[in-house]
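Close look at the chain arrangement
Chain residues, written in single-letter form:
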Amino acid sequence: MTSIVTVEHLNKNYGKKEILHNINFTVNKSQIIALIGENGAGKTTLINILLDLISSNSGTVNILDNEKNFKERIGVMMQQNISITRITVKEILKLTQSYYQSPLAYEKIIELSDLYDLEDSKMDKLSGGQKRRLSFALAIAGNPDLLFLDEPTAGMDSQSRTKFWQTITDLKEQHKTVFVTSHYLEELETIADRIMILQNKSISFDGSIAQLRVLEGESMIEFDSKLLPNLFKDMPEIIDFKKVGDHYKFTTKNAELIIGQLTPYLNAINNLKVQQNSLDSLFVNFNKEGATHE
Ligand SMILES: Nc1ncnc2c1ncn2[C@@H]1O[C@H](COP(=O)(O)OP(=O)(O)OP(=O)(O)O)[C@@H](O)[C@H]1O
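The name that an unreviewed UniProt entry assigns to the protein is ABC transporter ATP-binding protein, with the source organism given as Companilactobacillus huachuanensis.

This is the structure:
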């Protein structure tokens, strides 16, 4: 596979505060990579370094082989929307297209960003969600091979989000590579090929959601029962055991084994629920163990 982003031994400080420590990774073509981390973990800082908007203190970044005009092949959707008074959606898109040698067709941009009916609206009169869609339109105007999306769906309604992620998946099918950060983990869960967790200044997890499930527990089991809590507490397969009143909730790496162990007590168990662990709860568990991750 062709590597289109390579980061080696990257470090970043703001003043005396270390933000990123020895970051290393490569990104291949046609992947959707979700960069996740708590507020202030350094996601935007990392993306800004990749985009050469700010400099690192040390380390190397190689994007698209740093070939001539490689920046033309990158599309960026920043966390903040840009708004210019008196310019319409159509005008700003046409202007942006004009900066590129091989831009995406205007009609295609409108279609992918779902900006029908808003082409003649003034930029500063758009709603928050519409501004997000315009930011996306501006990001894809140059028909980029590599897209950076920082909190792309913030402020979008649920219909727009669904459509947006479908578009991102379609772009991947067209061999585009997408680097996305978001706090809406349930959205990333279905589309990301690869999850990178930024924690304690480093990439502390880098792999698929299936690999994260193996690490953190594949399933969540919940039920109500008056059974003694110490029946379960010491089972090594049980992770993150919680009991509130008669309600039991825990994560496990081996749901089948636990269900087998619960079978003799099924008469004393109500509302049994077994489900695959969501990215949200995997991330919470992962962060709780934060200090132990490399
Ligand atoms: N220009 C700056 N000068 C000094 N400190 C900064 C600067 N920009 C960011 N920081 C600090 O660096 C840390 C990382 O910030 P960053 O915005 O990269 O985090 P983030 O993971 O993107 O957060 P969020 O999820 O809230 O967007 C934070 O502690 C932030 O306060």
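Details of the domain arrangement of the protein
When its domains are assigned, the protein resolves into domain 1 (3–212) and domain 2 (218–276). Look at where the C-alpha atoms of domain 1 and domain 2 centre, and you get two points 40 Å apart.

Here we look at the environment of G59
Checked against the element boundaries, G59 lands in strand β4 (residues 58–63). When the C-alpha positions of G59 and N22 are compared, they lie 7.9 Å apart, and in sequence the two are 37 residues distant.

A word on the site of the ligand
Neighbouring the ligand are 13 residues, the closest being G40, K43, T44, T45 and H183. In this structure, G40 approaches the ligand through a main-chain N or O atom, which is 2.8 Å from an oxygen atom. In the environment of the ligand, an oxygen atom lies 2.9 Å from a nitrogen or oxygen atom belonging to the backbone of G42. For the shell around the ligand, the leading source of residues is helix α1 (residues 43–50), giving three residues. Counted by class, the shell around the ligand contains three nonpolar, seven polar and three charged residues.

Overview of the sheet that holds strand β9 (residues 202–207)
Ordered by their spatial adjacency, six strands build an open sheet running β5-β6-β7-β3-β8-β9, and the pairing between neighbours is mixed. The open sheet has two edge strands, β5 (74–77) and β9, and neither has a second partner. Strand-to-strand twist of the sheet, defined as the mean angle between neighbouring strand axes without regard to direction, takes the value 15°. Where strand β3 (residues 32–36) meets strand β8 (residues 194–199), four bridges bridge the pair, whose relative direction is parallel. Within the sheet, the bridge partner assigned to L35 lies in β8 and is M196. Along the sheet face, helix α4 (residues 128–140) touches β5 and β6 (146–150) and points at about 165° away from the line of β5. Running at roughly 110° to β9, helix α7 (residues 209–216) makes contact with β8 and β9 of the sheet.

Brief notes about the packing of aromatic side chains
Summed over the entire model, instances satisfying the criterion amount to nine aromatic pairs. Seen from their ring centres, F205 and F286 are 6.1 Å apart, and the 70° between their planes marks the pair as edge-to-face. Placement of the pair is F205 in strand β9 and F286 in helix α10 (residues 279–288), with a sequence separation of 81 residues. Each member of the pair, F205 together with F286, is buried. A ring pair is formed by F223 and Y248, whose centres lie 4.8 Å apart and whose planes are at 20°; its orientation type is stacked. Of this pair, F223 sits in strand β10 (residues 219–225) while Y248 is found in strand β12 (residues 247–252), placing the two residues 25 residues apart along the sequence. As far as the burial class goes, F223 and Y248 line up, both buried. An aromatic cluster is present here, built from F223, F241, Y248 and F250 joined pairwise through their rings.

Rules and cut-offs
- Residues numbered from 1 in each chain as written.
- Predicted model: local features only at pLDDT ≥ 70, side-chain atom pairs only at ≥ 80, totals over all residues.
- Heavy atoms only, no water.
- Domains from an automatic or database assignment.
- Helix = DSSP H or I, 4+ residues; strand = E, 2+ residues; numbered from the N terminus.
- Near = heavy atom within 4 Å.
- Polar contact = N/O pair within 3.5 Å; in protein donor to acceptor, adjacent residues only side chain to side chain.
- Nonpolar A, V, L, I, M, F, W, Y, C, P; charged D, E, K, R; others polar.
- Pairing = 2+ DSSP bridges.
- Axes fitted to C-alpha atoms, helices over the stretch in contact; angles between N-to-C directions.
- Contact = heavy atoms within 4.5 Å.
- Phe/Tyr/Trp six-rings, centres within 6.5 Å; stacked < 30°, edge-to-face > 60°.
- Buried < 20%, exposed > 50% of the residue type's maximum accessible area, 1.4 Å probe, protein only.

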